[in-house]
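Examining the three-dimensional arrangement
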Amino acid sequence: MTSRTLNSPVRNIAYVLTACVLPFAAWAHGPIFSFNPKTLYKGGVALEGSFNRDVADGRATNLYQLKGRYGVTGDWTVGVSAPYVDAGPATPGPLAGSGLGDVHLLNQYRFWRQDSKGIQRSATIVNDLKLDTSGSPQGTGSTDLTTGLVYGYESIHWYHWASAGYVWRGLGPDGLRRGNTTLLNLVGGWRPRMPVYGQADTVFLLGLNTEITQRTSDHGQDLANTGGTRVFLSPGLIWTDSSNSFAVRPGIQIPIYSNLNGNQPSTDYRLRVELEYHY
C-alpha cells in the first residue's frame, strides 16, 4: 500500500473539517475598498496598518493608517484608527502638506448570521465616527459619521459582499461643509484551491465601487467645482499565512466612470496595501 493511499483518508478528513470551520475562522476575508461584515471573536484583538495612495491628475496623496480592533462579543467589534497624511507641498486643497489626520472611532455589529455546511451568511451594521482632533491642515475641521449596511456570503471557493453606506459631513469652522456621499459596493471573491489546515491561503477579489457626492457648500452656498459621481473597478487579493494570524491585502481602484461637476481633478488610480495581525 503506497503512502499516497495511506494519507488519502487523512486528507479527506482534513478537507471535511476545513469545509465546516473555514467560514468561521477566515477572520481576514472581506472587501478591501468597502465595508467588511466580519467581526472578531469575543476577546479577539486585531492590529492593522495600511498604506493608501490616491493619484489625481498625476499628483499623489499618501495616507498611512494604524488601526486597533477588539471583539466585545462575537457579534460586536469596536476599534480606533489614526491616520498620517502626506499630500506634498504642491498638492492643492485642505489636506496639503504632511501631518496627523483626525482620529476615527469604529463600530461593527453583526445582527444576523446563518450557518450551514461550509457556508456562512451574515449582515452587519458598520459605523465610523471621524472626530475633529487634528487641529492641522491634515484634518478636515469637522466631525463626520459614516454608516453602512453590508451583507456577506462565505463558502469554500466563493465569496460575495454587497453594501450601501452614507457619509454625513459636519460643518467646518470656516463655514465650509463638504458634500455628503452615498457609497454603493459589490465585491466577489474566489479561492482557486481547497484550503488546507496549516498552509497559506489566497483569495482573489474583484469589486465595483460607486461614490455619489453632493456639492460642497460655503456658508450655505453650493460651490460649482465640487461633487459628482465616480465608479471604480477594484481588483485585489487576500493572502493569509499558515497560522491564520497574519494577512496581506493589496488592491487597486481603477476609475471606469466619472461625472464630476465643473472643473475637478480626475482620479488616475487609488492603491491600498493592508497588513493585519490578530491574536
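Structure's up top.
Residues numbered from 1 in each chain as written. Predicted model: local features only at pLDDT ≥ 70, side-chain atom pairs only at ≥ 80, totals over all residues. Heavy atoms only, no water.

**Re the overall build of the chain**
Each helix and strand in the chain was counted, giving one helix and 16 strands. Across the chain, contacts joining residues at least 24 apart in sequence account for 60% of those joining residues at least 6 apart. (Helix = DSSP H or I, 4+ residues; strand = E, 2+ residues; numbered from the N terminus. Contact = heavy atoms within 4.5 Å.)

**A word on empty space enclosed by the protein**
Applying the stated criterion across every chain yields a total of one cavity of 30 Å³ or more. By volume, the largest cavity is sized at about 70 Å³. Around the largest cavity, the lining residues are P31, I32, F33, S34, V187, L205, G207, N209, S234, P235 and G236. Secondary structure elements with two or more residues in the lining of the largest cavity: β11 (201–213) and β14 (228–240). Residues belonging to the lining of the largest cavity are distributed by class as follows: six nonpolar, five polar and no charged. (1 Å grid on protein atoms, 1.4 Å probe; cavity = no way out; pocket = protein on both sides within 12 Å on 5 of 7 lines; lining within 4 Å. Points joined across faces, edges and corners; volume = space filled by probe spheres on them. Nonpolar A, V, L, I, M, F, W, Y, C, P; charged D, E, K, R; others polar.)

**Describing the pattern of salt bridges**
All told, the structure shown has 14 salt bridges when counted by the stated rule. Residue D144 is joined to K130 by a salt bridge in which the shortest nitrogen-to-oxygen separation is 3.9 Å. With a gap of 14 residues between them, D144 in strand β7 (residues 144–154) and K130 in strand β6 (residues 119–130) connect regions that are remote in the sequence. Note on accessibility: D144 and K130 belong to one class, buried. Each of E48, K67, R69 and E276 takes part in a single network of salt bridges with overlapping partners. (Salt bridge = Lys/Arg side-chain N within 4 Å of Asp/Glu carboxyl O. Buried < 20%, exposed > 50% of the residue type's maximum accessible area, 1.4 Å probe, protein only.)

**Examining the pairing of strand β16 (residues 267–278)**
When strand β1 (residues 45–56) meets β16, the two strands line up antiparallel, connected through 11 bridges. When the sheet's bridge partners are listed, G49 is paired in β16 with L275. With eight bridges connecting them, strand β15 (residues 246–260) and β16 associate as antiparallel partners. For Q253, the partnering residue across the bridge sits in β16 and is R270. Where β15 folds back on β16, the antiparallel hairpin that results is connected by six residues, among which G262 adopts a positive phi of roughly 70°. (Pairing = 2+ DSSP bridges.)

**Overview of a nonpolar patch on the surface**
On the surface, L186, L206, L208, L233, I254, I256 and Y257 cluster together into a nonpolar patch covering about 630 Å² of accessible area. Put simply, the parts of the chain that give the nonpolar patch at least two residues each are β11 and β15. Looking at the nonpolar patch, the element that brings in the most residues is β15, giving three residues. Under the relative-accessibility criterion, I254 is labelled partly exposed at 38%. (Patch = residues over 30% accessible without salt bridge, like charges linked within 9 Å, V, L, I, M, F, W, Y side chains within 5 Å. Areas by Shrake-Rupley, 256 points an atom, 1.4 Å probe, with all protein chains shown as cover.)

**Description of the nonpolar core**
By size, the foremost hydrophobic cluster in this structure holds eight residues: I32, F33, Y159, W161, V187, V203, L205 and I238. Mapped onto this core, the elements with two or more residues apiece are β8 (158–168) and β11. One finds F35, V126, V167 and L183 within the second-largest nonpolar core, a separate group that totals five residues. (Core = buried A, V, L, I, M, F, W, Y, C linked by side-chain atoms within 4.5 Å.)

**Considerations on unusual backbone geometry**
Of note in this structure, H219 is not a glycine but carries a positive phi near 55°. Tracing the backbone through its elements, the reader meets H219 in the loop between β12 (217–218) and β13 (221–222). On the basis of relative accessible area, H219 is assigned to the exposed category, the value being 62%. Backbone geometry at N244 places phi at a positive 60°, although glycine is not the residue there. Following the sequence through the fold, N244 ends up in the loop between β14 and β15.

**As for the sheet that holds β13**
Pairing is antiparallel in the open sheet, where three strands are placed in the order β9-β12-β13. Each edge of the open sheet carries a strand with a single partner, namely β9 (176–177) and β13.

Geometric descriptors of this kind do not, in isolation, establish any biological role.
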